[in-house]
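Here is how the chains run, residue by residue.
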Amino acid sequence: MIGLGKMGANMAERLRLGGHQVVGYDRSDVAARDADSLPALVQGLSAPRTVWLMVPAGEPTRQTVQQLADLLEPGDLVIDGGNSKYTEDAVHARTLAGRSIGYLDVGVSGGVWGLHNGYALMVGGEPELVQRVQPIFDTLKPAGESGFVHAGPAGAGHFTKMVHNGIEYGIMQAYAEGYELLAASSLVHQVTDTFASWREGTVIRSWLLDLLVRALQADPKLEQVRGWAEDSGEGRWTVETAIDHAVPLPVISAALFARFSSRQEDSPAMKAVAALRNQFGGHAVLPETAAGEGEHTVPGDEHHQAATSADQPTSTGH
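All of these numbers come straight from a predicted model, not from anything done at the bench.

### Points about the overall build of the chain
Argument step 1. For the chain, the count of helices and strands is 14 helices and five strands.
Argument step 2. Computed over the C-alpha atoms, the radius of gyration of the chain is 25 Å, more than 25% above the 20 Å expected from 2.2 N^0.38 for a compact globule of 318 residues.
Argument step 3. For the chain, the spread of C-alpha atoms along the principal axes amounts to about 85 × 40 × 40 Å.
Argument step 4. Here the chain holds 318 residues, and the buried ones make up 37% of them.
Argument step 5. Of the contacts formed within the chain by residues at least 6 apart in sequence, a portion of 61% connects residues at least 24 apart.
Argument step 6. Here the chain displays about 18000 Å² of accessible surface, and carbon together with sulfur accounts for 56% of that area.
Argument step 7. Across the chain, 23 positive and 38 negative side-chain charges occur, with their mean positions spaced 5 Å apart.

Below you can see the structure in the form of structure tokens.
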């Protein structure tokens with residue numbers, strides 16, 4: 001197992017608990033690793049070897065695959081379980097095939113809970129390679145029939161994980177918007193309890209809902225959390241791929257753009273909207289130096305001044 005971060009370390013532990021021999025390597029976490037270099041990791045495994053990567057997507061993964069191509073032997077197998085873009089998989093598969101080394105791409109979902117709950121695995125690659133390491137997949141996945149799919153050839157695993165994460169973006173955004181609306185209303189006094197009540201018997205129950213309730217129970221007004229959301233890349237790739245295939249993704253696209261909005265202290269676009277509303281209708285605007293302290297109106301515009309409180313709801317913030 002190369003990469004012993006939050007996911008890799010827990011996956012290695014679950015495999016060990018399932019009776020597998022695991023040699024772990026991490027470039028920076030000296031205390032966690034069993035081998036102090038990639039050559040040592042390869043030497044610590046008997047052929048045919050299986051090397052599973054859980055390293056950052058992009059150049060770190062590309063460099064590691066190239067290094068392994070030089071270190072491994074014919075008949076060995078490399079599995080990329082990170083969040084690589086699916087277009088990278090064909091390149092990696094060709095590179096390794098030139099050395100008679102197998103390649104599988106595996107989209108992994110389960111987060112920090114996977115050690116105990118198991119991981120959902122979405123696999124791409126040749127059937128005989130999948131069959132060879134099926135005992136590894138069976139140990140990592142949740143108990144039962146679900147949680148595993150051989151989705152297709154190389155690239156299919158990361159493609160399905162990309163779509164999975166795009167769907168995740170949309171669901172999370174819907175829950176988040178519902179939370180903000182409930183919190184903004186003076187009519188609802190028990191926002192956390194409302195979400196908790198939806199966990200059973202409703203059509204919107206899910207593990208994400210369970211996790212939101214958990215977060216709200218610890219911090220009901222989310223005062224310890226800043227409204228800033230990064231995107232790991234898969235949301236962007238999902239939208240880009242949808243454009244390539246002319247598939248409409250309005251919900252996932254909006255969820256991705258909402259994350260971009262979260263990183264703006266004061267949206268330049270919304271400044272332009274506010275300025276335009278002020279210009280054509282004399283609508284109230286907030287001054288840059290006193291945002292949140294009051295509203296300015298155009299002199300002599302009594303109609304819009306009187307209508308402001310009734311027609312324009314104030315924001316609760318993010």
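### Comments concerning the pairing of strand 2 (residues 77-80)
For a regular strand, side chains alternate in direction, first toward one face of the sheet and then toward the other.
Argument step 1. Burial along strand 2 is two-sided: L77 and I79 facing one way and V78 and D80 facing the other are all buried.
Argument step 2. The pairing of strand 1 (residues 50-53) with strand 2 spans four bridges and is parallel. The partner of W52 across the bridge, within strand 2, is I79.
Argument step 3. Each parallel crossover has a hand, and the one from strand 1 via helix 3 (residues 59-71) to strand 2 is right-handed.
Argument step 4. Across four bridges, strand 2 lies against strand 3 (residues 102-109) in parallel orientation. Note on strand 3: the bridge partner recorded for L77 is G102.
Argument step 5. A crossover links strand 2 with its parallel partner strand 3, the connecting element being helix 4 (residues 87-97), and its sense is right-handed.

Definitions and limits used
Residues numbered from 1 in each chain as written. Predicted model: local features only at pLDDT ≥ 70, side-chain atom pairs only at ≥ 80, totals over all residues. Heavy atoms only, no water. Helix = DSSP H or I, 4+ residues; strand = E, 2+ residues; numbered from the N terminus. Rg over C-alpha atoms; globule rule 2.2 N^0.38 Å. Buried < 20%, exposed > 50% of the residue type's maximum accessible area, 1.4 Å probe, protein only. Contact = heavy atoms within 4.5 Å. Areas by Shrake-Rupley, 256 points an atom, 1.4 Å probe, with all protein chains shown as cover. Lys, Arg positive; Asp, Glu negative; His and termini not counted. Charge placed at Lys NZ, Arg CZ, Asp CG, Glu CD. Pairing = 2+ DSSP bridges. Right-handed = clockwise from strand over helix to strand, strands pointing away.

Purely geometric stuff here, so don't read any function into it on its own.
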